[in-house]
Amino acid sequence: MHKSIVIDHLCRVEGHGGITVRIKDGKVADVNMDIFEGPRFFEPLVVGRSYDEVAPILMRICAICSASHTVASLMAVESALGIEVSTQTRLLRELLVQGGNIESHALHLFCLSIPDFLGYPSAIALASDHLQEVKMGLELKKLGNTIQEAIGGRAIHSMNAVVGGFGRPPTREALLDLKGQLTKGLEQSLAAVDLVSGLEIPDFCTSPNIYAALSSDGSGYSLFGDRIALSTGDTKDIKMYKEICNERVVAHSHAKQSLFKGKPFAVGALARIALNGEKLSGQAKKAKDKLGLSSLSENMLDNNAAQAVEMVYSIERSLDIIDELLREGIKQEEPVEVRIRAGAGVGAVEAPRGTLYHSYSFDKAGRLTEADVITPTAQNLANIEKDLRISVENLIDESRESLGPKLEMVVRAYDPCISCAVHLVEVNLDEKRISKKESRRIT
Amino acid sequence: MRSAFPKKKAGASRKIIVVGVGNRLLGDEGIGPCVIDNLSRVRMPSYVDVVDCGCDLLSLTSYLDRPQKIVIIDAIRAGGKPGEINRFDYSKLATTKDETQSGHQIGTIDVLRLLKSVYPALADSEIVLIGVEPKMLELSTDLSQEVRGSIADVTRLVIEEISPQPSFWRKGEKHERSKHTDY
């Protein structure tokens, strides 16, 4: 019988963290997910900065979620300063966010998660037997980068999206080129759905979940919305996000944890499909049905399937956006003029891993006085611990060697981004012979 | 703007990619992107792509059209003094014992291994890592004084790496070699 299980570092989690499970009298006494997560502590970097300097700094919290941070940050600034952007700007920003969703889901599914389900220790090992599948995943990730490069000016860390609009809108030719690449990508994303449909999904972490996601007024599935919907039936305006993300400080982690009415909740692709899945259409709807996500899933390992569905959705939606932009004609419009004033505002976006909130206050000179950034991973932490507890209870008789990887699978299913952890290459230089000691680069 | 580079020899059409890796919000972790900022002030020859990839080295997939060489600038802890520069030949790093089985996420070396295994275009590409020994890896948009002081030498080393061999420097032009250690 285990007394305690400690996993110091999690393989294939962006950033890294550890799991500690304490067992007393044959029962799970305590489960801690300890991560070095600290996007909350990025706020000192922006206090005192001008309104137009905030997004270029905070977009760098994460390379993979860069588009979501950029757009949530710009929306918070614009909300505080009373700026209304054009329909074209809204569409282009959505395209950026859809690109980020494609990129992030492709990376997570093919390089971090599918190796788990097929029993490979890494994407490199997976590539040795399933080269075409890994290549397809990298091509889909590249497609997400290409969208962001075409719209944002760079594959990551967009410099083109600014307060009030875009520095330079994309050309018609660039959009037509993207359309061609997206059409090819749609076929690849459907092949990814086929691949995921063949995976055997274990059910050892199944338990009831409270899901939360943004809810739009429109009829379609969306990564944007002014209201937060919960599977409990509660809804909140995004300005009241703190009532959802009622944070508590825990002794074992650098990160704060979010609870809703004292209970953990989950955000991310599975939460979005649970709450808004009936709004899916086209191939994405077929993919949802094919992957068995038509009814509410209580198994977080299904988040991988949900990401596969969303990859199809994001590509189809990107094609629709491009068609609308081409139909209306790209206007060479300038960003909306900013009239500086004191104010406060919230911006929220469904980032690949779940709802992302940026909340800022500015003084009358347009200098930032307060900032709050709540990442999806911070919101999911308490739910991860809940699922780890359930898993250990279900698997308590398994050996340490068997249990450890399964617990890691649970954590990875949430696609946690612990992006501000320090993660650099370390080499051990011994008499000029080089050996790789450890590499912790987030990708 | 005057280019510091002569024209490349005819027939040499393959690209060189210079890529800075790291998070600018974590102090010396940002050395790679900061060197890219510095290089961006110089007009690069057409055969060189200069890329700030943040923490996402896999975004290199957008640039892999059979490059002749990839030069990666990163914070690499090698046990030296802060700001010290080491130049690593990827082929030497990659042939050492594989520890990724117990590794962490997809690390820099692992990303390169993955890309090499998936993209035949990289089969004969030379890959060089330029590592700067970090001092401070904490929440900050600034580099430590020591690492900041290395930028000029790292930039010089990158320019040496991308220059046609044996030497592209103009006759009579003074050139101080970069201070670094080769591995």
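Please read these numbers as outputs of a predicted model, since none were measured by experiment. (Residues numbered from 1 in each chain as written. Chains lettered and ligands numbered in written order. Predicted model: local features only at pLDDT ≥ 70, side-chain atom pairs only at ≥ 80, totals over all residues. Heavy atoms only, no water.)

### Focus: the overall build of chain A
Move 1: The helix and strand inventory of chain A stands at 12 helices and 15 strands.
Move 2: Across the 443 residues in chain A, those meeting the buried criterion constitute 63%.
Move 3: Counting only carbon and sulfur atoms, one obtains 48% of the accessible surface of chain A, whose full area is about 16200 Å². (Helix = DSSP H or I, 4+ residues; strand = E, 2+ residues; numbered from the N terminus. Buried < 20%, exposed > 50% of the residue type's maximum accessible area, 1.4 Å probe, protein only. Areas by Shrake-Rupley, 256 points an atom, 1.4 Å probe, with all protein chains shown as cover.)

### Things to note about the overall build of chain B
Move 1: A count of helical and extended segments in chain B gives five helices and six strands.
Move 2: Listing each helix as α and each strand as β along chain B from the N terminus yields β-α-β-β-β-α-α-β-α-α-β.
Move 3: Burial analysis of chain B (183 residues in total) assigns 57% to the buried set.
Move 4: The contacts in chain B between residues at least 6 apart in sequence include a share of 76% that link residues at least 24 apart.
Move 5: Carbon and sulfur atoms make up 49% of the accessible area of chain B, which totals about 7900 Å². (Contact = heavy atoms within 4.5 Å.)

### Things to note about the layout of surface pockets
Residues and elements named next belong to chain A.
Move 1: Here the largest pocket is characterised by a volume of approximately 1100 Å³.
Move 2: Lining the largest pocket are 39 residues; nearest its centre among them are Arg90, Ser222, Phe224, Gly225 and Asp226.
Move 3: Counting residues per element, the ones that place at least two in the lining of the largest pocket are α2 (66-81), α3 (87-118), α9 (282-290), α10 (303-328) and β11 (343-351).
Move 4: In the lining of the largest pocket, the residues fall into 13 nonpolar, 12 polar and 14 charged. (1 Å grid on protein atoms, 1.4 Å probe; cavity = no way out; pocket = protein on both sides within 12 Å on 5 of 7 lines; lining within 4 Å. Points joined across faces, edges and corners; volume = space filled by probe spheres on them. Nonpolar A, V, L, I, M, F, W, Y, C, P; charged D, E, K, R; others polar.)

### Quick word on unusual backbone geometry
Move 1: Despite not being glycine, Lys261 of chain A shows a phi value in the positive range, around 50 degrees.
Move 2: As for its position among the elements, Lys261 of chain A is in the loop between β10 (256-259) and α8 (269-276).
Move 3: Residue classification places Lys261 of chain A among the exposed residues on the basis of a relative accessible area of 60%.
Move 4: With a phi close to 50 degrees, Arg66 of chain B is a non-glycine residue in the positive phi region.
Move 5: By secondary structure assignment, the location of Arg66 of chain B is in the loop between β2 (48-52) and β3 (69-77).

### Remarks on the packing of α2 of chain A against α3 of chain A
All names here are of chain A.
Move 1: It is at 8 Å that the axes of α2 and α3 come closest, and there the two elements cross at 150 degrees. When α2 is examined against α3, the residues Ala67, Ser68, Val71, Leu74, Met75 and Glu78 are found in contact with a partner set consisting of Arg93, Leu96 and Val97.
Move 2: Residues that form the contact of α2 with α3 fall into these classes: six nonpolar, one polar and two charged. (Axes fitted to C-alpha atoms, helices over the stretch in contact; angles between N-to-C directions.)

### Regarding the sheet that holds strand β13 (residues 368-374) of chain A
In a beta sheet, neighbouring strands are held together by backbone hydrogen bonds and run either parallel or antiparallel to one another.
All names here are of chain A.
Move 1: Within the open sheet, the three strands sit side by side as β11-β12-β13. Their pairing is antiparallel. Of all the strands in the sheet, just β11 and β13 have a single pairing partner and so form its edges. Shown here is a sheet whose adjacent strand axes are inclined to one another by a mean of 10 degrees, direction ignored.
Move 2: Docked against the sheet, α2 engages β11, β12 (354-362) and β13, running at close to 155 degrees with respect to β11. (Pairing = 2+ DSSP bridges.)

### Things to note about the packing of α3 of chain A against α10 of chain A
All names here are of chain A.
Move 1: One can describe the packing of α3 onto α10 by two numbers: an axis separation of 9 Å at closest approach and a directional angle of 155 degrees. Here α3 is positioned roughly antiparallel relative to α10, judged by the angle of their axes. Between α3 and α10 lies a crossing of left-handed hand.
Move 2: Of the residues contributing to the contact of α3 with α10, the split by class is 15 nonpolar, 10 polar and four charged. (Parallel < 35°, antiparallel > 145°, perpendicular 65-115°, else oblique. Left-handed = near helix turned anticlockwise from the far one by under 90°.)

### Here we look at α9 of chain A
All names here are of chain A.
Move 1: Along α9, the residues that are buried comprise Ala284, Ala287 and Lys288. Relative to the axis of α9, the buried residues are bounded by an arc of 100 degrees and lie together on one face.
Move 2: Each element contacted by the buried residues of α9 is listed here: α6 (172-197), α8 and α10.
Move 3: In the segment just after α9, Gly292 is the residue with positive phi, at about 75 degrees. (Arc of directions from axis to C-beta.)

### Side note on the side chain of Asp28 of chain B
Residues and elements named next belong to chain B.
Move 1: Here Asp28 lies in the loop between β1 (16-20) and α1 (31-39).
Move 2: One buried charged residue, Asp28, forms no salt bridge at all, with the nearest opposite charge on Lys135 at 7.5 Å.
Move 3: At a separation of 2.7 Å, a polar atom in the side chain of Asp28 contacts the main-chain amide nitrogen of Lys135.
Move 4: Among residues more than four places away in sequence, those in contact with Asp28 are Ala75, Pro134, Lys135, Met136, Leu137, Asp142, Leu143, Ser144 and Val147. (Lys, Arg positive; Asp, Glu negative; His and termini not counted. Salt bridge = Lys/Arg side-chain N within 4 Å of Asp/Glu carboxyl O. Polar contact = N/O pair within 3.5 Å; in protein donor to acceptor, adjacent residues only side chain to side chain.)

### Examining the pattern of salt bridges
Oppositely charged side chains are able to pair whenever their charged atoms sit close together.
Move 1: This model, assessed by the stated rule, comprises 30 salt bridges over all chains.
Move 2: Between Arg156 of chain B and Asp153 of chain B there is a salt bridge, with the nearest N and O atoms lying 3.0 Å from each other. Note that Arg156 of chain B and Asp153 of chain B are positioned in helix α5 (residues 151-162) at a spacing of three residues, about one turn of the helix.
Move 3: Judged by relative accessible area, Arg156 of chain B falls into the partly exposed class, the value being 24%.
Move 4: The exposure class assigned to Asp153 of chain B is buried, which follows from its relative accessible area of 12%.
Move 5: Salt bridges linked by common partners bring Arg60 of chain A together with Arg24, Asp37 and Asp52 of chain B together as one network.

### Quick look at the packing of aromatic side chains
Residues and elements named next belong to chain A.
Move 1: By the definition in use, this model includes three aromatic pairs over all chains.
Move 2: With a centroid separation of 4.7 Å and an interplanar angle of 70 degrees, the aromatic rings of Tyr221 and Tyr313 are classed as edge-to-face. Of this pair, Tyr221 sits in the loop between β6 (212-215) and β7 (227-230) while Tyr313 sits in helix α10, and the two are 92 residues apart along the sequence. By the burial criterion, Tyr221 is buried, and Tyr313 matches it.
Move 3: Measuring from centroid to centroid gives 5.1 Å for Tyr241 and Tyr357, while their planes differ by 20 degrees, and the two rings are stacked. (Phe/Tyr/Trp six-rings, centres within 6.5 Å; stacked < 30°, edge-to-face > 60°.)

### What about the pairing of β3 of chain B?
Residue and element names in this part refer to chain B.
Move 1: In terms of burial, β3 is largely enclosed, as eight of its nine residues are buried.
Move 2: Sheet topology note: the β1/β3 ladder contains five bridges and is parallel. Within β3, the residue paired with Val18 across the bridge is Val71.
Move 3: Bridging between β3 and strand β5 (residues 126-132) involves seven bridges; their strand directions are parallel. Within β5, the residue paired with Ile72 across the bridge is Leu129.

### Some words on the nonpolar core
General note: in soluble globular proteins, nonpolar side chains tend to be found buried as a group.
Move 1: Ranked by internal contacts, the top residues of the largest apolar core, which has 149 residues, are Leu114 and Leu129 of chain B.
Move 2: When residues of this core are assigned to domains, at least three map to each of domain 1 (4-35 + 395-439) and domain 2 (39-388) of chain A.
Move 3: The residues contacting Leu114 of chain B, other than those within four sequence positions of it, are Cys111, Ala123, Ile124, Ala127, Val134 and Leu138 of chain A together with Leu58 of chain B.
Move 4: In terms of nonpolar packing, the next biggest core, distinct from the first, is built from 24 residues, Ile16, Val147, Ile151 and Leu157 of chain B among them. (Core = buried A, V, L, I, M, F, W, Y, C linked by side-chain atoms within 4.5 Å. Domains from an automatic or database assignment.)

### Notes on the sheet that holds β7 of chain A
Residues and elements named next belong to chain A.
Move 1: Strand order in this open sheet of three strands is β6-β7-β8, and the pairing throughout is antiparallel. Looking at which strands have only one partner, the edges of the open sheet turn out to be β6 and β8 (235-237). On average, adjacent strands in this sheet sit at an angle of 30 degrees to one another, irrespective of strand direction.
Move 2: As judged from the three bridges shared by β7 and β8, these two strands associate in the antiparallel manner. Bridging from a neighbouring strand, Ala229 pairs with Thr235 of β8.
Move 3: Running over the sheet, α8 touches β6 and β7 and is turned about 60 degrees from β6.

Shape is all these values report; function is a separate question.
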